[in-house]
Amino acid sequence: MAARYDAIVVGGGHNGLVAAAYLARSGAKTVVLEGRHKTGGAATTESPWPDAPEFQVTRLSYVMSLLPPTIINDLELARHGYKIYPMGPYYQAFPEGGSIKLYADDAKRNHESVSQWSKKDADAMPKWDAWLAGLADVLGPLLLTVPPAIGSRKPRDLAATLKLAWRHRGLDVRTIADVTRLMTMSIADLLDDWFESPQVKGALAVNGVIGTWAGPYEPGTAYVMAHHSIGDVGDGHLGNWGFQEGGMGAVSSAIESAAREHGAEVRLNAPVARILVEGNRAVGVVLENGDEIRAKVVVSTLHPRTAFLEQVGRENLPDDFATDIEHWKSRSGVVKINLALGELPDFIADPGTQLQEHHTGSVEMAPTMEYIERAFQDARDGKAAVRPFSDGVIPTAFDKTLCPEGTHIMSLFTQWVPADWSEEPHAEELDAYADRMIDCYNELAPNFKSSILHRDVVGPYQMEHEYGLVGGNIFHGELSLEQLFHMRPAPGYADYRTPVDGLYYGSSATHAGGGVCGIPGWQAARAAIADRKSVVRGRGRSASRRS
Ligand SMILES: Cc1cc2nc3c(=O)[nH]c(=O)nc-3n(C[C@H](O)[C@H](O)[C@H](O)COP(=O)(O)OP(=O)(O)OC[C@H]3O[C@@H](n4cnc5c(N)ncnc54)[C@H](O)[C@@H]3O)c2cc1C
């Protein structure tokens, strides 16, 4: 006899856990099926060194920003352990000497810091911040909007499109032009319009290429910068970027705890092999061990290729949808390097191994735009970057739970290696790449290399094979223009529903993903709950609605 639930959630990453918490809260008997031995997916805290279990790292994702207050409050996450330390400034030391610090919320100190490199840029900075804040006011609320099926002539879709247009009726020609610029320009061109000094442009370019298979001169990277800079998604002001106490796995654990409290069951080591479809309706799943579990609602939070092409199957999908998913772009070339340090980096520009402000934010290796671009061009030419770029953080500047007293954890989010390294482990080359990355920091802080006690290098192959991040893309799919909003994950299906009735989709490959924001899981659960209610009221909804 197959086990029966009201709702099955496939994947226990943070989005799956959010979906389960909301479904369970609505009264649905819900089970989460997670393939690994632990929940969290890419939001995970782990001890990668068996001989040093006292060190814990946030193995993949490393900082929080976009989780909306609605989800935090609805699920009472603070009560379940959600606790954020706001990050310090952006910091870059330069090989030629000197350093720059950028403060998210201190215009005066920003001005002082940038003035060292360019008085003109220092004066431009407040206008840039105001310009970005204005655009965030437009784009932020869109993150919580269910994208309409633009082009569909069905009355419900037309109404949704018109509603969206009406909501934005106040936008003027100037704002529309600025949004257009943001969506279409490269971060390099955009910054050239605003700033002159290479140091400032390098610092501001980082957010435009994070997790992206594109260098700073590629169109669309200006939007990636905005995605990482939006601080308010329309339901309250979000904090700046911050570190979760206990690492990113503690965010997932807090959500899991809330889900369990609402009655959700979480099964580990339960990889799903297939989603069962009968007469264009999802009716359950089959696990890899052959067990069958049935439910009227199935929410998948896996990479779209796994969810649709492997688990639903082309035979159960409309041709155009399956083709769209086959064409889904999912490259990154990201390598995560986690380090246990015996002491903090002692920068030539800002000496000392005692904890100082510049250790508390992002500790970057992105001295200029050209440096970042060179790293991308190396990877595009088929080799790992000779001098990789890195977004580094030292969460233990605040969080004392991750390692023994007197030691630190440093997390380096680095780019790029060739996109096709997701197909083979490339273990030796990854090691050599990590050596070069460490050497780059060592040039700026000569105690760096000798301070490393342990290191853990996670490349695209491991991301795909251990964590299900197909192609090594950190967001289940690139944030390129053709994969955003009503196109994410496919045109006509951006409302967290799918071509299969009863099957909902809430991974980072939907609108508002990626990142640890929970919005996809929340929206997928909301769609399922709304449809369930309309079925009860006798107004069932068909999912096959692209027209
Ligand atoms: C290196 C790296 C750094 C990042 N840095 C940040 C950051 O600092 N801040 C930020 O906000 N975001 C960051 N991100 C992005 C963010 O982590 C992801 O967008 C987000 O965690 C994805 O959540 P998800 O629940 O959609 O998917 P996932 O976390 O991928 O969860 C999917 C789950 O499904 C499970 N699964 C896979 N196959 C099966 C199966 N067959 N059956 C059952 N379960 C299965 C997986 O084990 C996993 O637990 C980063 C990502 C990476 C990889």
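Above: the structure in question.
Residues numbered from 1 in each chain as written. Predicted model: local features only at pLDDT ≥ 70, side-chain atom pairs only at ≥ 80, totals over all residues. Heavy atoms only, no water.

## So, the overall build of the protein
Here's step 1: Of the regular secondary structure elements, the protein holds 16 helices and 20 strands.
Here's step 2: Over its C-alpha atoms the protein spans a radius of gyration of 23 Å, differing by no more than 12% from the 24 Å that the globule rule assigns to 547 residues.
Here's step 3: Taking the principal axes of its C-alpha atoms as reference, the protein extends roughly 70 × 60 × 45 Å.
Here's step 4: When each of the 547 residues of the protein is scored for burial, the buried share is 60%.
Here's step 5: Contacts spanning at least 24 positions in sequence make up 73% of the contacts within the protein whose residues lie at least 6 apart.
Here's step 6: In the structure as shown, the protein presents an accessible area of about 20900 Å², 53% of it carried by carbon and sulfur atoms. (Helix = DSSP H or I, 4+ residues; strand = E, 2+ residues; numbered from the N terminus. Rg over C-alpha atoms; globule rule 2.2 N^0.38 Å. Buried < 20%, exposed > 50% of the residue type's maximum accessible area, 1.4 Å probe, protein only. Contact = heavy atoms within 4.5 Å. Areas by Shrake-Rupley, 256 points an atom, 1.4 Å probe, with all protein chains shown as cover.)

## Side note on the packing of aromatic side chains
Here's step 1: Enumeration according to the criterion identifies 18 aromatic pairs in this entry.
Here's step 2: Aromatic pair Trp49 and Phe55: ring centres 6.3 Å apart, planes at 85°, arrangement edge-to-face. Considered together, Trp49 and Phe55 belong to a single accessibility category, that of buried residues.
Here's step 3: Ring-pair connections join several aromatic residues into one group, and the members of that group are Trp128, Trp131, Trp194 and Phe195.
Here's step 4: Geometry around Tyr5 places Lys29 over its ring, the cationic atom sitting 4.7 Å from the centre. (Phe/Tyr/Trp six-rings, centres within 6.5 Å; stacked < 30°, edge-to-face > 60°. Lys NZ or Arg CZ within 6 Å of the ring centre and 35° of its normal.)

## So, the side chain of Asn473
Here's step 1: In this structure, Asn473 sits in the loop between helix 15 (460-467) and strand 20 (503-505).
Here's step 2: A distance of 2.6 Å separates the side chain of Asn473 from the backbone oxygen of Arg331, its partner in a polar contact.
Here's step 3: Dropping the residues within four chain positions of it, Asn473 is found in contact with Gly211, Ser330, Arg331, Ser332 and Glu478. (Polar contact = N/O pair within 3.5 Å; in protein donor to acceptor, adjacent residues only side chain to side chain.)

## Overview of a positive patch on the surface
Here's step 1: Taken together, the side chains of Arg4, Arg281, Lys296 and Arg532 make up a positively charged region of the molecular surface.
Here's step 2: Along the chain, the position of Lys296 falls in the loop between strand 13 (292-294) and strand 14 (297-300).
Here's step 3: Relative accessible area serves as the criterion here: at 67%, Lys296 is assigned to the exposed category. (Patch = residues over 30% accessible without salt bridge, like charges linked within 9 Å, V, L, I, M, F, W, Y side chains within 5 Å. Salt bridge = Lys/Arg side-chain N within 4 Å of Asp/Glu carboxyl O. Lys, Arg positive; Asp, Glu negative; His and termini not counted. Charge placed at Lys NZ, Arg CZ, Asp CG, Glu CD.)

## Comments concerning the sheet that holds strand 3 (residues 30-33)
Here's step 1: Spatially, five strands are ordered 10-3-2-14-20 in an open sheet, and the strand pairing comes out parallel. Each edge of the open sheet carries a strand with a single partner, namely strand 10 (265-267) and strand 20. Strand-to-strand twist of the sheet, defined as the mean angle between neighbouring strand axes without regard to direction, takes the value 20°.
Here's step 2: The pairing of strand 3 with strand 10 spans three bridges and is parallel. Across the sheet, residue Val31 finds its bridge partner in strand 10, namely Glu265. (Pairing = 2+ DSSP bridges. Axes fitted to C-alpha atoms, helices over the stretch in contact; angles between N-to-C directions.)

## Focus on the site of the ligand
Here's step 1: Every one of the 34 residues lining the ligand counts as a neighbour, but Glu34, Ala42, Val63, His476 and Val516 are closest to it.
Here's step 2: Note that an oxygen atom of the ligand is positioned 3.0 Å from one of the backbone N or O atoms of Tyr62.
Here's step 3: Taking His476, its side chain carries an N or O atom lying 2.8 Å from an oxygen atom of the ligand.
Here's step 4: Against a free-state accessible area of 1000 Å², the protein chains account for coverage of 94% of the ligand. (Near = heavy atom within 4 Å.)

## Things to note about the sheet that holds strand 15 (residues 334-341)
Here's step 1: Overall, mixed pairing links the seven strands, which are arranged 8-7-16-17-18-15-19 in an open sheet. Every interior strand has two partners, whereas the edge strands, strand 8 (99-102) and strand 19 (452-458), have only one. Neighbour to neighbour, the strand axes of the sheet diverge by 20° on average, direction disregarded.
Here's step 2: Note that strand 7 (residues 90-93) and strand 8 share four bridges and pair antiparallel. Paired with Ala93 across the strands is Ser99, a residue of strand 8.

## Examining the packing of helix 8 (residues 198-209) against helix 9 (residues 221-229)
Here's step 1: Orientation of helix 8 relative to helix 9, taken along the N-to-C sense of each, is 90°, at an axis distance of 6 Å. In terms of orientation, helix 8 and helix 9 fall into the roughly perpendicular class. Mapping the contact onto sequence places Leu204, Asn207, Gly208 and Val209 in helix 8 and Thr221, Val224, Met225, His228 and Ser229 in helix 9.
Here's step 2: Taken together, the residues of the contact of helix 8 with helix 9 sort by class into four nonpolar, five polar and no charged. (Parallel < 35°, antiparallel > 145°, perpendicular 65-115°, else oblique. Nonpolar A, V, L, I, M, F, W, Y, C, P; charged D, E, K, R; others polar.)

## Topic: the side chain of Thr414
Here's step 1: In this fold, Thr414 is placed in strand 18 (residues 408-415).
Here's step 2: A polar contact is formed between the side chain of Thr414 and the backbone oxygen of Val335, at a distance of 2.7 Å.
Here's step 3: Engagement of the side chain of Thr414 in a polar contact is seen with the side chain of Tyr433, the distance being 2.8 Å.
Here's step 4: Not counting the four nearest positions on each side in its chain, Thr414 is found in contact with Gly333, Val334, Val335, Ile337, Phe389, Ser390, Tyr433 and Met437.

## Looking at the pattern of salt bridges
Here's step 1: On inspection of all chains with the given rule, the structure shows 31 salt bridges.
Here's step 2: Glu245 is paired through a salt bridge with Lys83; the nearest N and O atoms lie 3.5 Å apart. Of this pair, Glu245 sits in the loop between strand 9 (242-244) and helix 10 (248-261) while Lys83 sits in the loop between helix 2 (69-74) and strand 6 (84-86), and the two are 162 residues apart along the sequence.
Here's step 3: Residue class for Glu245 comes out partly exposed when judged on its relative accessible area of 25%.
Here's step 4: You can call Lys83 partly exposed: its relative accessible area is 41%.
Here's step 5: Note that Asp435 is salt-bridged to Arg455, the shortest N-O span being 2.7 Å. Residue Asp435 is located in helix 14 (residues 427-444), and its partner Arg455 is located in strand 19; the two are separated by 20 residues in the primary sequence.
Here's step 6: Overall, Asp435 belongs to the partly exposed group, its relative accessible area being 38%.
Here's step 7: Judged by relative accessible area, which is 28%, Arg455 ranks as partly exposed.

Remember that the coordinates give geometry; whether it matters functionally is a separate question.
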